[in-house]
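# Coordinate inspection notes
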Amino acid sequence: MDVLRTFGLTKIYQNKQVVQNIDMTIKKGEIYGLIGKNGAGKTTTLKMILHLIKPTKGKVELFGKNPAKNQSIFEKIGSFIGHSNFYHNLTAEENLEIHRRLMGVTSKKRTEEMLRKLNLMQYKDKKVEDFSVGMKQRLGIARSMLHYPEFLILDEPTNGLDPQVMKDLRQTLLKLANDYEVAILLSSHILSEIDHLSSVLGIIHRGRLIEELNYEALQEKKKRYLQISVNNVNKASFILENEMKISDYVICNNGLIKIYNSVQAAELNARMVDGFVEVYEMVNARDSLENYFLSITKEEDLS
Ligand SMILES: Nc1ncnc2c1ncn2[C@@H]1O[C@H](COP(=O)(O)OP(=O)(O)O)[C@@H](O)[C@H]1O
Ligand SMILES: [Mg+2]
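Keep in mind it's a predicted model, so treat the numbers as computed, not measured.

### With respect to the overall build of the protein chain
Check the secondary structure of the protein chain and you find ten helices and 13 strands. Over its C-alpha atoms, taken along the principal directions, the protein chain stretches across nearly 80 × 45 × 35 Å. Residues counted as buried form 45% of the 303 residues belonging to the protein chain. In the protein chain, once contacts between residues fewer than 6 apart in sequence are set aside, the share between residues at least 24 apart is 69%.

### Considering the pattern of salt bridges
Summed over the entire model, instances satisfying the criterion amount to 13 salt bridges. Note that Lys28 and Glu181 form a salt bridge whose closest N and O atoms lie 4.0 Å from each other. Of the two residues, Lys28 is situated in the loop between strand 2 (16-27) and strand 3 (31-35) and Glu181 in the loop between helix 5 (163-180) and strand 7 (183-188); the sequence distance between them amounts to 153 residues. Residue Asp179 pairs with Lys175 through a salt bridge whose shortest N-O separation is 2.7 Å. Of this pair, Asp179 and Lys175 both sit in helix 5, four residues apart, roughly one helical turn.

### Details of the nonpolar core
Counting residues in hydrophobic clusters, the biggest one holds 41 residues, and the most contacted among them are Leu139, Met145, Leu152, Leu173, Ile184 and Leu186. Among the elements that take part in this core, helix 5 stands out by supplying six residues, more than any other. Ignoring any residue separated from it by four or fewer positions in sequence, one finds Leu186 in contact with Ile31, Tyr32, Gly33, Leu34, Leu154, Pro157, Leu173, Ile194 and Leu197. Membership of the second largest hydrophobic core comes to 28 residues, among which are Ile49, Phe63, Phe74 and Ile153.

### Observations concerning the site of ligand 1
Within the structure, ligand 1 sits among Tyr13, Gln14, Lys16, Val18, Lys37, Asn38, Gly39, Ala40, Gly41, Lys42, Thr43 and Thr44. Separating an oxygen atom of ligand 1 from a side-chain N or O atom of Lys16 is a distance of 3.3 Å. One of the backbone N or O atoms of Gly39 is found 2.7 Å from an oxygen atom in ligand 1. Calculation on ligand 1 without its partners gives an accessible area of 570 Å², and the protein chains cover 62% of this total. With three residues, helix 1 (residues 42-49) is the largest single contributor of residues to the shell around ligand 1.

### Details of helix 3 (residues 109-117)
Among the residues of helix 3, those classed as buried are Arg110, Thr111, Met114 and Leu115. All buried residues of helix 3 lie within an arc of 140 degrees about the axis, which places them on one face of the element. Where helix 3 is buried, its residues contact helix 2 (92-102) and helix 4 (133-145). Among the residues trailing helix 3, Asn119 stands out with phi positive, at a value near 55 degrees.

### Some details on the domain arrangement of the protein chain
By domain assignment, the protein chain separates into domain 1 (2-220) and domain 2 (224-286). Between the C-alpha centres of domain 1 and domain 2 there is a distance of 45 Å.

### Details of the packing of aromatic side chains
Two descriptors summarise a pair of aromatic rings, namely the distance from one centre to the other and the angle between the planes of the rings. Enumeration according to the criterion identifies three aromatic pairs in this entry. Summarising the aromatic geometry, the rings of Tyr123 and Phe131 are spaced 6.4 Å apart at their centres and angled 75 degrees between planes, so their arrangement reads as edge-to-face. Accessibility expressed as a relative area gives 7% for Phe131, which makes it buried. Above the face of the Phe7 ring, Lys59 is positioned so that its terminal group lies 5.1 Å from the ring centre. Looking at Arg110, its charged tip hangs above the ring of Tyr148, at a distance of 3.8 Å from the centre.

### Some words on the environment of Asn89
With respect to the secondary-structure elements, Asn89 resides in the loop between strand 5 (77-80) and helix 2. Taking the C-alpha atoms as reference, Asn89 lies 23 Å from Gly78; in sequence the two are eleven residues apart. The contacts of Asn89, once residues within four sequence positions are left out, are Lys127 and Glu129.

### A short note on the environment of Glu220
Residue position: Glu220 is located in helix 7 (residues 215-221). Residue classification places Glu220 among the exposed residues on the basis of a relative accessible area of 56%. Separated by twelve residues in sequence, Glu220 and Arg208 have C-alpha atoms that sit 22 Å apart.

### Thoughts on the environment of Arg110
Topologically, Arg110 is positioned in helix 3. Its relative accessible area of 7% is what places Arg110 among the buried residues. As for Arg110 and Asp168, which are separated by 58 residues in sequence, their C-alpha atoms are 18 Å apart. Setting aside chain neighbours within four positions, we find Arg110 in contact with Val105, Met145, Leu146 and Tyr148. Polar side-chain contacts of Arg110 include one of 3.1 Å to the side chain of Glu113. Here Met145 takes part through its backbone oxygen, which lies 2.8 Å from a polar atom of the side chain of Arg110.

Reading the values: rules and limits
- Residues numbered from 1 in each chain as written.
- Chains lettered and ligands numbered in written order.
- Predicted model: local features only at pLDDT ≥ 70, side-chain atom pairs only at ≥ 80, totals over all residues.
- Heavy atoms only, no water.
- Helix = DSSP H or I, 4+ residues; strand = E, 2+ residues; numbered from the N terminus.
- Buried < 20%, exposed > 50% of the residue type's maximum accessible area, 1.4 Å probe, protein only.
- Contact = heavy atoms within 4.5 Å.
- Salt bridge = Lys/Arg side-chain N within 4 Å of Asp/Glu carboxyl O.
- Core = buried A, V, L, I, M, F, W, Y, C linked by side-chain atoms within 4.5 Å.
- Near = heavy atom within 4 Å.
- Polar contact = N/O pair within 3.5 Å; in protein donor to acceptor, adjacent residues only side chain to side chain.
- Areas by Shrake-Rupley, 256 points an atom, 1.4 Å probe, with all protein chains shown as cover.
- Arc of directions from axis to C-beta.
- Domains from an automatic or database assignment.
- Phe/Tyr/Trp six-rings, centres within 6.5 Å; stacked < 30°, edge-to-face > 60°.
- Lys NZ or Arg CZ within 6 Å of the ring centre and 35° of its normal.

What follows is the structure, encoded as structure tokens:
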């Protein structure tokens, strides 16, 4: 059974569609990374899924049910959306304890376990009002996992965490997904922070889910290319297009061209020499996913 399905999820604020027609599906044990620039619509989407705000159009299904009619399904969900409410004049431990009892988790050990997991044990008696942003972030994540949720929704969980805590968090989330089949939906505006974690990556841009990539597709998108350095890029691009029928290439500065079509280096060189283009260098390389993300969100901006 799907843990989450959304159908044409849309939010309009002041005539502006900030989330447009999002259809997404998350299965058991899947880690779905929602990646998008600031203002793309991530938080709004997560809030609609959590029923914190009402969609203008579309609907959400959680565990195959309509959450409006089945409030109890929220017991299976853990979430942390930045700046979530804490009892600021209470300590970290007291905050978790209140949530534990509220959620009907009987073992007090669980609170300690979560404090430990998120590196908060030494701050357990500190009041939340004295917490830094990173500490609140960790406390929020600890609280979201306290009641053994089957579906975790975390908005920018890696925000404000130092690298070691981030690494620990990644491991914790992977373990939850692998060992307990917890489904996880998390968002970020920094691709590298969720890239290694996600089994599916959804790219949201200007409120639209413009691409969804599974693991295999993710690898594919870390595109391979042949980079050539030439004395005349205009002549070289003419030869590529007209003589070699190669269209998927990018001209960079300093006489560099990246060719994404698969091409025989020897043939390419011969054609260039025939056309009086000098090739100084040829290198096989691979784009980072970050570049891919930037390139597709840029294309979208232009269109
Ligand atoms: N309550 C609101 N009223 C009006 N506009 C809003 C409101 N909440 C968010 N927005 C706008 O919706 C867009 C998406 O916001 P948000 O979902 O917070 O993006 P993200 O989380 O990806 O940074 C932004 O342009 C934001 O200004
Ligand atoms: Mg946000």
